[in-house]
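Residues per chain are reported as follows:
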Amino acid sequence: MSKDQEIKDGQDAQLILESPLVVNAFNQILNEGYQKWISTKATENDEREALYHQQIAALKFKQVLINTMENGKILEQERKESKNG
C-alpha cells in the first residue's frame, strides 16, 4: 500500500471514529454487553465467555481504526517534515 493510501486510510479512520453514529454504536455495544455480563450468574460460564469475546471483538475493531488513524497521522507528519526539511 502506498503512503498516500495509508494517509487517506488514516483520515478515513478518523472520520469514522469521530462520527457520532459510530461513537454511539460503540458505546451501546459495550454498555449492553457489560450489562448482560453483570446480570449473568457466576455459573453461566458459556454465556459469560461469549459476552467477554464480543466485548473484546468490539474493542479490537475500534483499536484497528485507532491504529490506522495514528499511522496515517505519522506518515502525514513525516511527509510535511521532508517537504520542509
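Note: the structure precedes this text.
Here the residue numbers are simple positions, counted from 1 along each chain's written sequence. At least 70 in pLDDT is required for a residue's local features to be given in this predicted model, at least 80 for side-chain atom pairs to be given and counted, and no such filter applies to totals for whole chains, interfaces and linings, which use all residues. As a rule here, side-chain values cover all heavy atoms of the structure and leave hydrogens and water aside.

Participant: Could you clarify how one ought to interpret a negative patch on the surface in this entry?
Facilitator: Two joining distances apply to patches: 9 Å for like charges and 5 Å for nonpolar side chains (Val, Leu, Ile, Met, Phe, Trp, Tyr), and every residue must have over 30% relative accessible area and no salt bridge. Under the convention used here, a 1.4 Å probe and the Shrake-Rupley method define accessible areas, while residue burial counts only the protein chains that appear. Basic side-chain nitrogens of Lys or Arg form a salt bridge, by our definition, when they fall within 4 Å of a carboxyl oxygen of Asp or Glu. The sign given to each residue is positive for Lys and Arg and negative for Asp and Glu; His and the chain ends receive no count. A charge is said to be at NZ when it belongs to Lys, at CZ for Arg, at CG for Asp and at CD for Glu. Together, Glu44, Asp46, Glu47 and Glu49 make up a negatively charged patch on the protein surface. Secondary structure elements are defined from DSSP: runs of H or I of at least 4 residues count as helices, runs of E of at least 2 residues count as strands, and each element is numbered from the N terminus. Assignment of secondary structure puts Glu44 in the loop between helix 2 (20-38) and helix 3 (45-84). Residue Glu44 is classed as partly exposed on the basis of its relative accessible area, which comes to 34%. With a 1.4 Å probe rolled over the protein chains alone, any residue whose accessible area is under 20% of its type maximum counts as buried; one over 50% counts as exposed, and the rest are partly exposed.

Participant: I'm lost on the environment of Lys80 in this one. Help?
Facilitator: Mapped onto the fold, Lys80 is located in helix 3. As for Lys80 and Asn27, which are separated by 53 residues in sequence, their C-alpha atoms are 35 Å apart.

Participant: How do you make sense of helix 3 when you look at a structure like this?
Facilitator: Residues that lie three or four places apart on an α-helix share one face, since the helix turns once every 3.6 residues. With 40 residues, helix 3 extends 58 Å from end C-alpha to end C-alpha; this agrees with the ideal 58 Å at 1.5 Å per step. Residue contacts are counted whenever heavy atoms from the two residues lie within 4.5 Å of one another. Where helix 3 is buried, its residues meet helix 1 (3-18) and helix 2. Each helix should span, by expectation, one fewer than its residue count multiplied by 1.5 Å.

Participant: Whenever I open this one, the packing of aromatic side chains confuses me. Can you help?
Facilitator: What characterises a pair of aromatic rings is the spacing of the ring centres plus the angle enclosed by the ring planes. Paired rings are identified among Phe, Tyr and Trp, the last through its six-membered ring, by centres lying within 6.5 Å, and are further divided according to the angle between planes into stacked (under 30 degrees), edge-to-face (over 60) and tilted (the rest). Tallying each qualifying case throughout the model produces 2 aromatic pairs. When the ring of Phe26 is compared with that of Phe61, the centres are 6.0 Å apart and the planes differ by 40°; the resulting orientation is tilted. Placement of Phe26 in helix 2 and of Phe61 in helix 3 is noted, with a sequence separation of 35 residues between them. A relative accessible area of 52% means that Phe61 is categorised as exposed.

Participant: When you look at the packing of helix 2 against helix 3 in this model, what are you seeing that I'm missing?
Facilitator: In a pair of packed helices, the angle between the axes and the distance between the axes together describe the arrangement. Axes, fitted as lines to C-alpha atoms, cover a helix only where it is in contact. Angles between the N-to-C directions of the axes lie from 0 to 180 degrees. Where helix 2 meets helix 3, the axes come as close as 9 Å, and the angle between the chain directions of the two elements is 160°. Viewed along their axes, helix 2 and helix 3 adopt a mutual orientation that is roughly antiparallel. Between helix 2 and helix 3 lies a crossing whose hand is left-handed. Residues Phe26, Ile29, Leu30, Gly33, Tyr34, Lys36 and Trp37 of helix 2 touch helix 3, and the partners they reach there are Arg48, Leu51, Gln55, Ala58, Leu59, Phe61 and Lys62. Residues are grouped as follows: Ala, Val, Leu, Ile, Met, Phe, Trp, Tyr, Cys and Pro are nonpolar; Asp, Glu, Lys and Arg are charged; all remaining types, including Gly, are polar. A class-by-class count of the residues in the contact of helix 2 with helix 3 yields 9 nonpolar, 2 polar and 3 charged. Should an angle lie under 35 degrees it is considered roughly parallel, over 145 roughly antiparallel, and from 65 to 115 roughly perpendicular; all remaining angles are considered oblique. Each crossing gets its hand from how the near helix is turned against the far one by less than a right angle, where anticlockwise is left-handed and clockwise is right-handed.

In short, geometric facts, not functional conclusions.
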